[in-house]
Amino acid sequence: MHFLRLRFPRSSSLIVLGGVLVAVLLGWTAPAHATGERLVDDYRSVYGTPGVAAAVIDGSSVETIVRGRDGDGNAVTARTPFRIGSMSKSMTATAIMLLVDRGRISLDDPVVKVLPGFRMADPRFTKITVRQILSHTSGLSNSTNNEYAFPPPRGAQEITAGLADKTLAADPGTRSEYHNTNYAIAARIVEVVSGKSFDAFLHTELFTPLGMTGTGSTLGCSDRAEGLPSGYTVVLGVAVATPEMPGICVGSGGVISTLDDMVRWLRFNQGSLGAGLLSAGSLAELHTVQPKADDYALGWRSRPVTANTPPSLIGHGGTLATWTGDMVFSPKTGAAALVLTNGVGDAGLLSTNLLAERIGAPATPMSNPYTVVNAVLLGLTVGMTALLVTAVVRARRWATRRRAARRPWLVPRLVPLALMTVLGAVLPTLVWGAFNVQYWIVTVWLLPLLALFCLSCCVLGAVALGRRLWCFRRAGQATSAPVPPATVDT
């Protein structure tokens, strides 16, 4: 069987080779340095992050490090607002613990007791407890409840109501699976029990008492908020201010805060601020790893300082499509670190390194695997585009040769182009582990060069395929047309 031979123009070969060289040259690893400022500068060099606000807390002292610009082009300061993503979960869990302290609910209450309207198409749902939704051991899973559906539901009530036709992936309390919907349920519990909107409860019962005057929250990840600049998409060192990807964020990732306010939040969790707001027992419970939850506590995780060491830190990260942050502290020493960024990266590694540097532990070298991935994708996109454009331009020549051949083998020779077209259409859905066209939207935000590669394959592949078939048909008509009789001059 004959297949299409891939003939890259010489210039395209050079571009692909250049892409590989870029991958090698840019995929470098930054060495760990001795000071917090150098660690932040290294992080920005590795990830190309436009703006970073970081802090290291050691007892009564706070070292703040701000670098770069926000989405409006202004210099980042300690009062610049950032989306904090899943770091919001620690605040949602604290809101629940405030209700526990006031005797309104218990952590081991079934959700159906405190949220009478809660329903699922699975009889096991009645066994889900408040503790289990806060520790991600409820049995909820993305395999049975797609959190990336578009358009995303609005508000905790709508998200909770949408579970009425969903099932569980496991018995409640038997295994851990991180699932943001758990925290939307928690937000709905706060609303029903307190009689206030989730945002209002956080504002009046948590942020205001702690002096977090620059902190608020939104229902959706992409909702506009006053004074909030956009985050950035960064590809191969090029940063573009980009709106956040729409998604479920109420309770799980909707908080917007500043470095100054998040320092206050860490001090509260360390027990040095707002001591009368939450009982010592409830605060300790928030930081305690829960049954069957692996390393997860209640809105917090237990983490090691470095790989292959026992967990000794408490922290939580937050990652959206255009924002990344992390916070971590040592219960033994009281030292803490905080990182807020307006781009995608590994903020958890930076915060852990900042803390490791402060307590004398070795820092972990930083590297950006997406640099290599994006460089390869760029090379593949350029090469595939050149190949398919060449196929379009030479379609007539190809059709003439096929018509002139004794055995045209038309279908086998069109199979490679058909496969490229199909690959471009379905690859984004396969990358995320499920065939769902909605993952095209996720790919555009998280891996834009992969989306560009797939779009090139899909569109140009279809054009090349159609052009070859059209030219083949025209070539057939030309060869079968009757030849006019010759005329003789007299």
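For the structure, check the block above.
Residues numbered from 1 in each chain as written. Predicted model: local features only at pLDDT ≥ 70, side-chain atom pairs only at ≥ 80, totals over all residues. Heavy atoms only, no water.

(A) Structural detail: the packing of aromatic side chains. Under the criterion given, the structure shown has six aromatic pairs. Positioned over the ring face of tyrosine 183 is lysine 89, at 5.8 Å from the centre of the ring. Here the guanidinium or amino end of arginine 403 rests over the ring plane of phenylalanine 472, the centre of that ring lying 3.9 Å away. (Phe/Tyr/Trp six-rings, centres within 6.5 Å; stacked < 30°, edge-to-face > 60°. Lys NZ or Arg CZ within 6 Å of the ring centre and 35° of its normal.)

(B) Quick look at the side chain of lysine 89. Within the element layout of this structure, lysine 89 appears in helix H3 (residues 88-101). One buried charged residue, lysine 89, forms no salt bridge at all, with the nearest opposite charge on glutamate 147 at 7.7 Å. Here tyrosine 178 takes part through its side chain, which lies 2.9 Å from a polar atom of the side chain of lysine 89. Those residues in contact with lysine 89 that sit more than four places away from it in its chain are His136, Tyr178, Asn180, Tyr183, Gly251, Ser252, Tyr296, Gly299 and His316. (Helix = DSSP H or I, 4+ residues; strand = E, 2+ residues; numbered from the N terminus. Buried < 20%, exposed > 50% of the residue type's maximum accessible area, 1.4 Å probe, protein only. Lys, Arg positive; Asp, Glu negative; His and termini not counted. Salt bridge = Lys/Arg side-chain N within 4 Å of Asp/Glu carboxyl O. Polar contact = N/O pair within 3.5 Å; in protein donor to acceptor, adjacent residues only side chain to side chain. Contact = heavy atoms within 4.5 Å.)

(C) Structural detail: a nonpolar patch on the surface. Together, Val372, Val376 and Leu380 give the surface a local cluster of nonpolar side chains, amounting to about 210 Å² of exposed area. Tracing the sequence through the fold places valine 376 in helix H12 (residues 369-393). (Patch = residues over 30% accessible without salt bridge, like charges linked within 9 Å, V, L, I, M, F, W, Y side chains within 5 Å. Areas by Shrake-Rupley, 256 points an atom, 1.4 Å probe, with all protein chains shown as cover.)

(D) Representation of the sheet that holds strand E3 (residues 61-68). Here six strands make up an open sheet; going across it, the order is E3-E2-E12-E11-E10-E9 and the pairing antiparallel. The outermost strands of the open sheet, each flanked by one partner alone, are E3 and strand E9 (301-303). Going across the sheet, the axis of each strand differs from the next one's by a mean of 20 degrees, ignoring polarity. As judged from the six bridges shared by strand E10 (residues 313-319) and strand E11 (residues 324-329), these two strands associate in the antiparallel manner. The partner of threonine 319 across the bridge, within E11, is threonine 324. Along the sheet, helix H2 (residues 36-47) makes contact with strand E2 (51-58), E3 and strand E12 (336-341), crossing E3 at roughly 30 degrees. On top of the sheet, helix H9 (residues 259-270) reaches E2, E3, E11 and E12; it is set at about 150 degrees to E12, its chief contact. (Pairing = 2+ DSSP bridges. Axes fitted to C-alpha atoms, helices over the stretch in contact; angles between N-to-C directions.)

(E) Representation of the state of the cysteines in the model. Applying the stated criterion across every chain yields a total of one disulfide. Disulfide pairing places cysteine 221 opposite cysteine 249 at an S-S distance of 2.0 Å. Residues cysteine 221 and cysteine 249 are joined through a disulfide that is right-handed, its torsion about the S-S bond being 95 degrees. Highlighted residues: cysteine 221 in the loop between strand E5 (216-217) and strand E6 (231-235) and cysteine 249 in the loop between strand E7 (238-242) and strand E8 (255-257), separated in sequence by 28 residues. Unpaired in terms of disulfides, cysteine 454 finds its nearest cysteine sulfur in cysteine 457, a separation of 6.5 Å. Cysteine 454 gets classed as buried once you look at its relative accessible area, which sits at 1%. (Disulfide = S-S within 2.5 Å.)

(F) View of the pattern of salt bridges. Inspection of the entire model under this criterion finds 18 salt bridges. Note that aspartate 261 is salt-bridged to arginine 79, the shortest N-O span being 3.1 Å. Of this pair, aspartate 261 sits in helix H9 while arginine 79 sits in the loop between E3 and strand E4 (82-83), and the two are 182 residues apart along the sequence. Note on arginine 79: relative accessible area 39%, which makes it partly exposed. Close ionic contact of glutamate 191 with arginine 188 constitutes a salt bridge, the shortest N to O distance being 3.1 Å. In this pair, glutamate 191 and arginine 188 both sit in helix H7 (residues 181-194), three residues apart, roughly one turn of the helix. The same class applies to glutamate 191 as to arginine 188, namely buried. Here the salt bridges share partners, and the residues they tie into one network are Glu37, Asp41 and Arg67.

Shape is all these values report; function is a separate question.
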